[in-house]
Amino acid sequence: MSAHESMEQAEHAEHASGENKKIALLIAVLALFLAISETLGKGAQTESISKNVEASNLWAFFQAKSIRRTVVQTAADQGKLTLGAATDDAMKAAVQKQIDDWQKTAARYRSEPETGEGTEQLAEKAKEAEHQRDEATAKYHHFELASAAFQIGIVLASATIITGMLPLAWIAGLLTLAGLGMTVLGVWAPHLLHLHG
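A. The arrangement of the overall build of the protein in detail. Counting its secondary structure elements, the protein contains 4 helices and 0 strands. Along its sequence from the N terminus, the protein presents helices and strands in the succession α-α-α-α. Taking 16 Å as the expected radius of gyration for a compact globule of 197 residues, we find that the protein reaches 33 Å, considerably beyond that expectation. The C-alpha extent of the protein, read off along each of the three principal axes, is 130 × 25 × 20 Å. Within the protein, the proportion of its 197 residues that are buried is 28%. Considering only contacts in the protein between residues 6 or more positions apart, those separated by 24 or more positions represent 73%. Surface accessibility of the protein: about 12200 Å² in total, with carbon and sulfur atoms responsible for 63%.

Criteria and cut-off values
Residues numbered from 1 in each chain as written. Predicted model: local features only at pLDDT ≥ 70, side-chain atom pairs only at ≥ 80, totals over all residues. Heavy atoms only, no water. Helix = DSSP H or I, 4+ residues; strand = E, 2+ residues; numbered from the N terminus. Rg over C-alpha atoms; globule rule 2.2 N^0.38 Å. Buried < 20%, exposed > 50% of the residue type's maximum accessible area, 1.4 Å probe, protein only. Contact = heavy atoms within 4.5 Å. Areas by Shrake-Rupley, 256 points an atom, 1.4 Å probe, with all protein chains shown as cover.

See below:
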């Protein structure tokens, strides 16, 4: 082997070493982004589950209030029949008072802004919790796709070091951009793409 050939091999080895350092840096960056997207994904998943439970609880409370309101309204309607059949004035006054109390209770069960526990308020709260759940679920799907892109990018970048096939590193770089795009959408515009279904 000539000195010239030895110099060429040394330069080639140095060049390959420099490329491997860049690819190792790419892998480190991908791993960092993967950790971030996984953390965001877990947070979104936890929020989605929490808001789903909250919405279910609120709808159950709504149902209980609706049933109570129906029972009280039915009692008031039955009282009206009793009132129509009553002949004694004292009896009529007592039945009318009871009917008025039942109707006030039924109205309070329907709307109770001061406590937020009327059926109207409960329905609003439940719908808001469902909206927040859907938002968190949409974020979660974006973060999952981002994580997948970063993981595949790590595999391809690692394969580049082993095979020396530089196009794999370029694909890993494109996957990094795709993963970042999904992460950004997950944080700021989770409903721009409809990923869940």
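That was the structure; now back to the text.
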